[in-house]
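# Commentary on secondary and tertiary structure
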Amino acid sequence: MIRGATSGTWSRRPSRVAYDWDLFAEEAALECLLFESHGILDAPWALWLPGPPSVSGIHNLLVHLRFRRPPERWFSHLPADWQSAAALRYIRATARGFGMRVPLPEPTAFEEAESVARWLASARDRAGRAVLKAFASSATRVAEAARQLRIDLRGCLIFAGGESLTPARIAHIRATGATVFARYVATETGWIASACPFGDSPDAMHVFTDRLAVLTAPADSAVDDDAPLLFTTLSAGAGKILLNTDLGDSGRLRRRPCGCPMGHAGLNLQLSGVHSQAKLSIEGITVAVAVITRALDRVVAAAGGPPDSYQLRQEEDGAGARRLVVRLGPALTGVDDGALLRGFFAELPRHGPDAKLAARFWRESSAIAVRRGSPTLSDAHKMRPLTVSGPDHSPRFDVARGRLR
Ligand SMILES: [Zn+2]
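Summarised in this report is the structure supplied together with it.

Basis of the calculations
Residues numbered from 1 in each chain as written. Predicted model: local features only at pLDDT ≥ 70, side-chain atom pairs only at ≥ 80, totals over all residues. Heavy atoms only, no water. Pairing = 2+ DSSP bridges. Helix = DSSP H or I, 4+ residues; strand = E, 2+ residues; numbered from the N terminus. Axes fitted to C-alpha atoms, helices over the stretch in contact; angles between N-to-C directions. Buried < 20%, exposed > 50% of the residue type's maximum accessible area, 1.4 Å probe, protein only. Arc of directions from axis to C-beta. Polar contact = N/O pair within 3.5 Å; in protein donor to acceptor, adjacent residues only side chain to side chain. Donors = N, O, S within 2.8 Å, 3.2 Å for Na, K, Ca; no water. Parallel < 35°, antiparallel > 145°, perpendicular 65-115°, else oblique. Contact = heavy atoms within 4.5 Å. Phe/Tyr/Trp six-rings, centres within 6.5 Å; stacked < 30°, edge-to-face > 60°. Core = buried A, V, L, I, M, F, W, Y, C linked by side-chain atoms within 4.5 Å.

### Details of the sheet that holds strand β19 (residues 368-372)
- One open sheet accounts for 4 strands, arranged β19-β18-β17-β20; its pairing is mixed. Of all the strands in the sheet, the pair left with one neighbour each is β19 and β20 (386-388). Within this sheet the neighbouring strands show an average axis-to-axis angle of 30°, counted without direction.
- Where strand β18 (residues 322-328) meets β19, 5 bridges bridge the pair, whose relative direction is parallel.

So, in structure tokens, the structure goes:
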């Protein structure tokens, strides 16, 4: 059994979740269908997900061991601590007894995306196809490394999860020749949905309705795709029992028959446009963070920058006044800060009535500033769409004691 903590959003406290082999067996059956749908059951594949104590990498590894398809490489944002390394060596030795070779996590920082891009290209040269599972921001960095080094990723398939697969990320990854599809997994539920090759877009996924029921709550926004998703677990193997629970994400649901193996298995509920419901209130105007990032993605792309080369930070001064700081990463050279801000205020009103009002108020009140700095990552090594200034009092998972502290 492995244990992890839910990430929560910046406004909620994480809680503990336990996984066991019953859950992995369910997910392995679905993952097998997914790989069959894409015709990649025999393709070499790799993970670029953080190793333990983070849950995502080990979760994916164990699911694949259930159907005897371990990854060839495991790139990890984190080096394993000694307890995790001992557990991984035990898994590796046990798997060897069943004739499987299990890789250990190789520390691979964000700046080393080139190693992952080079592995993808070499595995594709060797086997005709190559597959990567990564967070959407990490996948974008692999694409950026490939673009800079002129590495052709045709024949490579990337499953991007953990973060929203936005149009900017899709375009940037596809420009390398790679194909990219969304996966949707939550710590609370395990596997939720995955995209087949025949959807309307790479982020249109089959929902695993044998494990979960999902419906959309009435939206409180004028933006039609901002309907909160409510989940109910149907499986005894789920990490937590949920009843119409809002995990903090929104998306669009519709019925769509499909000829892929997942469609044949009866999974005909399609979920697309999954994004965080996080909102930002400045100068009395509230706008979804996803709307702000959609506008900024366009402005940054027009200035020649890759997606994920900026981060939003909400700051509060001693008097309680809030401002939004757009922190531009080192990759964005040759971009004038003032021009970027003017471009943002010109683009924002095109994203709905709330955004239009926000653009007017925020420009007049100087509520937005641009600064330079490297992005900060969550404990799970995802790009935080929004960080908030001030000390973080949220509990952390204590590996040694096996509980939250
Ligand atoms: Zn399908």
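### Structural notes on helix α9 (residues 337-347)
- Every buried residue of α9 is accounted for by L340, L341, F344, F345 and E347. Buried residues of α9, viewed axially, fall in a sector of 165°; they line one side.
- Measuring from the backbone nitrogen of G338 back to the side-chain oxygen at the start of α9 gives 3.3 Å, which picks out D336 as the cap.

### Notes on helix α6 (residues 167-174)
- Among all positions of α6, only R169, I170, H172 and I173 are buried. Looking straight down α6, one finds its buried side chains confined to an arc of 170°; they lie on one side.

### Regarding the coordination of the zinc ion
- Taken together, the protein ligands of the zinc ion are C196 (SG), H206 (NE2), C258 (SG) and C260 (SG), with distances of 2.1 to 2.3 Å.
- Here the donor residues of the zinc ion share one chain and are spaced in sequence as C-x9-H-x51-C-x1-C.
- You can call C258 buried: its relative accessible area is 12%.
- By relative accessible area, C260 is classed as buried at 0%.

### Digging into the environment of L247
- For L247, the location among the structural elements is in strand β13 (residues 245-255).
- Considered as a pair, L247 and Q277 are 30 residues apart in the sequence and their alpha carbons are 9.2 Å apart.

### Quick word on the packing of helix α4 (residues 113-127) against helix α5 (residues 136-149)
- Where α4 contacts α5, the two axes come as close as 8 Å, and the packing angle between them is 80°. Here α4 lies roughly perpendicular to α5, going by the angle between them. On α5, the residues touching A113, E114, V116, A117, R118 and L120 of α4 are R141, V142, A145, A146 and L149.

### A few points about the sheet that holds β13
- Taking strand neighbours across the sheet as the criterion, the 12 strands line up as β5-β4-β3-β6-β7-β8-β9-β10-β14-β13-β12-β11 in an open arrangement whose pairing is mixed. The strands lining the two open edges of the sheet, one partner per strand, are β5 (106-107) and β11 (212-216).
- Sheet topology note: the β11/strand β12 (residues 228-233) ladder contains 5 bridges and is antiparallel. If you follow L212 over to β12, its bridge partner there is T233.
- Across the face of the sheet, α4 comes into contact with β3 (45-48), β4 (73-76), β6 (130-135) and β7 (156-161) while running at roughly 155° to β6.

### Brief notes about the packing of aromatic side chains
- Applying the stated rule across the entire model yields 7 aromatic pairs.
- Measuring from centroid to centroid gives 6.2 Å for F35 and W45, while their planes differ by 75°, and the two rings are edge-to-face. Note that F35 is positioned in helix α1 (residues 21-37) and W45 in strand β3, a separation of 10 residues in sequence. No difference in accessibility class separates F35 from W45, as the two residues are buried.

### Examining the nonpolar core
- Of all hydrophobic cores here, the largest spans 87 residues; its most connected members are W48, L120, L132, V142, L153, Y184 and F231.
- The next biggest cluster of nonpolar side chains, apart from the first, holds 33 residues, and it includes V287, L324, L332 and I368.

Shape descriptors only; they carry no functional weight alone.
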